[in-house]
Number of protein chains: 2
Amino acid sequence: MVAVIPQPSPVPSTRIERQSLHDAIVTRLRDMIIEGHLPPGTRINEGQIGAQLGVSRTPLREAIKYLASEGLVELVPSRGAVVKSFGAKEVLDMIEVIRTLEQFAGTRACQVATNQDIGHIRDLHDEMLACYRSGDRLQYYKLNQAIHSGIVALAGNAALSDVHGMLQTRLKRIRFIGHEGPEKWANAVAEHEEMMAALEARDPDRLSAILGRHLTLAWERVKDDLQP
Amino acid sequence: MVAVIPQPSPVPSTRIERQSLHDAIVTRLRDMIIEGHLPPGTRINEGQIGAQLGVSRTPLREAIKYLASEGLVELVPSRGAVVKSFGAKEVLDMIEVIRTLEQFAGTRACQVATNQDIGHIRDLHDEMLACYRSGDRLQYYKLNQAIHSGIVALAGNAALSDVHGMLQTRLKRIRFIGHEGPEKWANAVAEHEEMMAALEARDPDRLSAILGRHLTLAWERVKDDLQP
DNA sequence: GCGCTAAATTCTGTATACAGTATTCTTGAA
DNA sequence: TTCAAGAATACTGTATACAGAATTTAGCGC
């Protein structure tokens, strides 16, 4: 059987890398969860999802196990997998860990990043500003994530990027909800400006402070939309 | 087929919890990797390991995917799974992240832990001291881990415990190697004494400093045994 | 003897089949 | 009408089967 998983965006043909089916399913399922097509608490019916994706249960189950380890679904014995749902406390916990990680990353980044690396973040930042001005929320959101991941990557610590990425993935679903108003959005953009300035000045303390504040405000923006 | 996975220690019958096969395999495989029965770089032959554990390939493969997400094995397309191997840089990276996490946890623990919780850590500490005096390295090692995990748990942040546990698991294999001499061991014990004192005094800065130093020294102890 | 090519084998990737457990539906009685 | 018990159904857990890729081995030419 030729399994065809429709991709949201066509993969550029530069990647010849042969990717196995379960890998593709992991990506697909993860997106479905993050984008809310599989809301929290949903029981994942292997037969149904498998049919929907055009794959058999075997690779699908493998993908589910992978996502379980990532913390996106929960495995209930004899009852399959359920999309994990987070309460406000859990989200706050995750944000605090992310803050800790980003502050460490920022400090390191000021020490070890090359000017070229920082320039790359600046490019993303400028692009994001353009999206802000044109009101492109989705692209803004994606670039925002890319900037945060990018700063973490500047620290040159694979384990750090690893765990940060994992937590960010778990939170993506939440942040999607936060449709902040224009004034809060403007605030966030201003913070990013400061962030860039501190990074380019290689001022670890200032960058750390801003990153911390930024995540506190991110929490303020979403907390009211969450169940206790 | 009745799949019998020999457990290292007989599970106490208090646990009626029905655990699925792939779950049991995850635990078993993880132990095999941590304890060095599957050294880094080993290609995991599904047929062979499956026969060895007395299970079919299906749940075994699911377990492998889970461990891949945990970062203990690496998935190579069309070539199965390989036990991940870490270089010195990667180990140092992990230790630095763990340090960051433990310092944050320690600070929080000083604020939110109950006296009873701290008492529990004290019990573990005393038990560990007994193992030190009697020279029981293996048990000492396990209690050491339990204390660090315990302090992290005191912070009451599930996401924090999650990522800390994950990194600690990845490192377990490494720490197993570090057979430090008696003087270094004595040092480590002394640090733990300070740690307990700071925790019981609920002094976040002191605790944070000691935790940081402790992990730096842990790195000193193992770094020479690693390939670059 | 050494290296290259091709067949053979081994192993992974995926699908399907079957057994056992949870869930739902139906039927009957209070 | 509501609840309970049991049958029917659906779904998960595990094993097996088959196709295709990777690796090994054998044979051949140099």
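Predicted model only: the values in this text are computed from it and were never measured.

What follows covers helix α5 (residues 115-134) of chain B. All names here are of chain B. Its 20 residues give α5 an end-to-end C-alpha distance of 29 Å, which sits within 8% of 28 Å, the value for a rise of 1.5 Å per residue. Restricting attention to buried positions, one finds in α5 the residues I121, L124, H125 and M128. Projection of α5 onto a plane perpendicular to its axis shows the buried side chains occupying an angular sector of 100°, all on one side. Exposed and oriented more than 90 degrees from the buried face of α5 are N115, Q116, G119, D126, R133 and S134. In this structure, the buried side of α5 is in contact with α6 (137-154) and α8 (182-200). Of the residues flanking the end of α5, it is G135, one or two places downstream, whose phi is positive at about 75°.

Below, the discussion takes up the domain arrangement of chain A. All names here are of chain A. Parsing chain A into structural domains produces domain 1 (21-83) and domain 2 (88-225). Of note, the centres of domain 1 and domain 2, computed from C-alpha atoms alone, are 28 Å apart. Tallying the contact residues gives six residues for domain 1 and six residues for domain 2. Along the lines of polarity and charge, the residues of the side of domain 1 that touches domain 2 split into three nonpolar, two polar and one charged.

When chain A is fitted to chain B, the residual RMSD is 0.0 Å, and the transformation amounts to a turn of 180° plus an axial shift of 0.0 Å. Classification of the inter-copy transformation places it as that of a two-fold axis. The share of interface residues of chain A whose copies in chain B are also at the interface is 100%, consistent with both copies meeting through the same surface.

Near DNA strand D there are 22 residues, and of these E46 and G80 of chain A together with L21, S56 and T58 of chain B occur at the shortest range. Those elements that provide at least two residues to the surface near DNA strand D are α2 (46-53) and α3 (57-70) of chain A together with α1 (21-34) and α3 (57-70) of chain B. Here the residues of the surface near DNA strand D sort into seven nonpolar, ten polar and five charged.

As a further point, take unusual backbone geometry. In the Ramachandran plot, R202 of chain A falls in the positive-phi region, its phi being about 50° despite a non-glycine side chain. By the element assignment, R202 of chain A lies in the loop between α8 (182-200) and α9 (204-222). Looking at R202 of chain A, the number of C-beta atoms within 10 Å reads 14, which means it is partly exposed. Its identity is not glycine, yet S78 of chain B carries a phi of approximately 65°, on the positive side. The residue S78 of chain B is located in the loop between β2 (73-76) and β3 (80-83) in this model.

The rules behind each value
Residues numbered from 1 in each chain as written. Chains lettered and ligands numbered in written order. Predicted model: local features only at pLDDT ≥ 70, side-chain atom pairs only at ≥ 80, totals over all residues. Helix = DSSP H or I, 4+ residues; strand = E, 2+ residues; numbered from the N terminus. Expected span 1.5 Å × (residues − 1). Buried ≥ 20, exposed ≤ 12 C-beta atoms within 10 Å, placed from the backbone. Arc of directions from axis to C-beta. Contact = placed C-beta atoms within 7 Å. Domains from an automatic or database assignment. Nonpolar A, V, L, I, M, F, W, Y, C, P; charged D, E, K, R; others polar. Least-squares fit on C-alpha atoms with pLDDT ≥ 70 in both. Near = placed C-beta within 6 Å.

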